[in-house]
Amino acid sequence: MTEIKKIGVIGAGQMGAGIAQVSAAAGYSVVLSDISLDNAKAAIEKIGASTAKLVSGKKMDAKGRDTILANMTAAGELSALGDCDLVIEAASEVESIKTSIFKELCPLLKPEALIASNTSSISITRLASSTDRPEQFMGIHFMNPVPRMKLVELIRGIATAESTFKAANEYAVDLGKTVTTSEDFPGFIVNRILMPMINEAIYTLYEGVGTVESIDTGLKLGANHPMGPLELADFIGLDTCLAIMQVLYDGLSDSKYRPCPLLVKYVEAGWLGRKTKRGFYDYRGETPVPTR
């Protein structure tokens, strides 16, 4: 079984940065790579700022923060991942982007290196087939925000070797995460259940059954959810929600997974949620305001 000491993370967005942070905190050497070196450096600076707040609030000790920052380096080229034992792809939820990354990455890696995707819905078997090592490929799906969420979904492709699964499981447990395993079906477990709920909440808004505020209040207080479904959609990113619903709809051929037209319109408008300051809520002021 491959001994994992050095981790490569591709993509310095919210998910990639979170994966890099928890890996570094667990003592792994981490290279955070992005198409832009500046983005990778900015992500590490943001981690430094957020962990400084945790230290000042006595939610993290200074030594722990120092460990995180000492274990991370930024890179703007995939070649920097050449000596990594495990590389985790955390790019956009677009299959063509992911497969193009793997085709460029594979020739740069050592033969024994493992590859994982943080995809939240796309077929692991299909992604693995775009690499030169499907036996050493699997899905390691972290939840957002990575430092706070305890769960990791592990998904084997049809070719994934048992040794690859064991190494990935050991890594996830070492991060302090609880592991659940899913078969390689569209959306896996969490998003197979979560995303249709969010999509139905959007349909409820689209059909005029309730307002943004009434829908979110209803689920928070009526179902004891910590965050309403529309607020959660904004947090995840409406483009990501749409991409996952499309994978479910295409992969399972069931009309119940049809993305709500209103979700499509918001994405077409570029209103993707918190990351663009507008989605089902407008985040440009001091407090979020519903947009419908």
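Nothing here was measured: the structure is a model prediction, and the numbers come from that model.

Q: Can you walk me through the layout of surface pockets in this structure?
A: Considered as a void within the structure, the second largest pocket measures approximately 240 Å³ in volume. The wall of the second largest pocket is formed by I10, G11, S33, D34, I35, G76, E77, L78, A91, I101 and E104. Its residues placed into classes, the lining of the second largest pocket shows five nonpolar, three polar and three charged.

Q: Can you help me understand the pairing of strand 7 (residues 151–156) in this one?
A: Put simply, side chains in a regular strand alternate between the two faces of the sheet. Relative to strand 7, strand 6 (residues 137–142) runs antiparallel, the two sharing five bridges. Bridging from a neighbouring strand, H141 pairs with E153 of strand 7. Strand direction decides the pairing type here: strand 7 and strand 8 (residues 178–182), joined by five bridges, are parallel. Residue pairing for strand 8: I155 is matched across the bridge by S182. Between the parallel elements strand 7 and strand 8, the chain passes through helix 6 (residues 162–174) in a crossover that is right-handed.

Q: Any chance you could explain the UniProt feature "site: Important for catalytic activity" (unreviewed entry) in the protein chain here in plain terms?
A: Summarizing the sequence annotation, UniProt attributes the feature "site: Important for catalytic activity" (unreviewed entry) to H141 in the numbering used throughout. As for its position among the elements, H141 is in strand 6. In this view, H141 contacts S117, N118, T119, S120, L151, V152, E153, I155, F188 and N191; residues no more than four positions away in its chain are not counted. A polar atom in the side chain of H141 sits 2.7 Å from the side chain of E153.

Q: Quick question: what am I supposed to make of the sheet that holds strand 3 (residues 72–75) here?
A: Hydrogen bonding along the main chain pairs the strands of a sheet, whether they run parallel or antiparallel. A sheet is described by the order of its strands in space; here eight strands give the open sequence 3-2-1-4-5-6-7-8, paired in mixed fashion. On the outer flanks of this sheet lie strand 3 and strand 8, each paired with one strand and no other. The average angle at which neighbouring strand axes cross in this sheet is 25°, direction not considered. Sitting on the sheet, helix 1 (residues 14–25) is in contact with strand 1 (6–10), strand 2 (29–33), strand 3, strand 4 (86–89) and strand 6, with an inclination near 170° to strand 2.

Q: Please clarify how the pattern of salt bridges should be interpreted in this entry.
A: Side chains bearing opposite charge may pair, as long as their charged atoms lie close to each other. For the coordinates displayed, the defined rule picks out 12 salt bridges. With its nearest N and O atoms 2.8 Å apart, the salt bridge here joins E162 to R156. Look at E162 and you get partly exposed, because its relative accessible area is 41%. Close ionic contact of R284 with D282 constitutes a salt bridge, the shortest N to O distance being 2.7 Å. Linked by salt bridges that have partners in common, E89, E93 and K98 make up one network.

Q: Sorry, what's going on with the packing of helix 8 (residues 212–222) against helix 9 (residues 229–236) here?
A: A pair of packed helices is characterised by two quantities: the angle between their axes and the separation of those axes. Packing of helix 8 against helix 9 leaves a shortest axis separation of 7 Å and a crossing angle of 100°. By the angle between their axes, helix 8 is roughly perpendicular relative to helix 9. Seen from helix 8, the contacting residues are V212, I215, D216, L219 and K220; seen from helix 9, they are P229, L230 and E231. Residues belonging to the contact of helix 8 with helix 9 are distributed by class as follows: five nonpolar, no polar and three charged.

Q: When you look at the side chain of D85 in this model, what are you seeing that I'm missing?
A: Mapped onto the elements of the fold, D85 is located in the loop between strand 3 and strand 4. Given the relative accessible area of 10%, D85 is considered buried. A distance of 2.9 Å separates a polar side-chain atom of D85 from the backbone nitrogen of K5. What D85 contacts, discounting residues up to four positions off in sequence, is T2, E3, I4, K5, K6, K110, A113 and L114.

Calculation rules
- Residues numbered from 1 in each chain as written.
- Predicted model: local features only at pLDDT ≥ 70, side-chain atom pairs only at ≥ 80, totals over all residues.
- Heavy atoms only, no water.
- 1 Å grid on protein atoms, 1.4 Å probe; cavity = no way out; pocket = protein on both sides within 12 Å on 5 of 7 lines; lining within 4 Å.
- Points joined across faces, edges and corners; volume = space filled by probe spheres on them.
- Nonpolar A, V, L, I, M, F, W, Y, C, P; charged D, E, K, R; others polar.
- Pairing = 2+ DSSP bridges.
- Helix = DSSP H or I, 4+ residues; strand = E, 2+ residues; numbered from the N terminus.
- Right-handed = clockwise from strand over helix to strand, strands pointing away.
- UniProt positions renumbered as here; feature names shortened; annotations may be inferred.
- Contact = heavy atoms within 4.5 Å.
- Polar contact = N/O pair within 3.5 Å; in protein donor to acceptor, adjacent residues only side chain to side chain.
- Axes fitted to C-alpha atoms, helices over the stretch in contact; angles between N-to-C directions.
- Salt bridge = Lys/Arg side-chain N within 4 Å of Asp/Glu carboxyl O.
- Buried < 20%, exposed > 50% of the residue type's maximum accessible area, 1.4 Å probe, protein only.
- Parallel < 35°, antiparallel > 145°, perpendicular 65-115°, else oblique.

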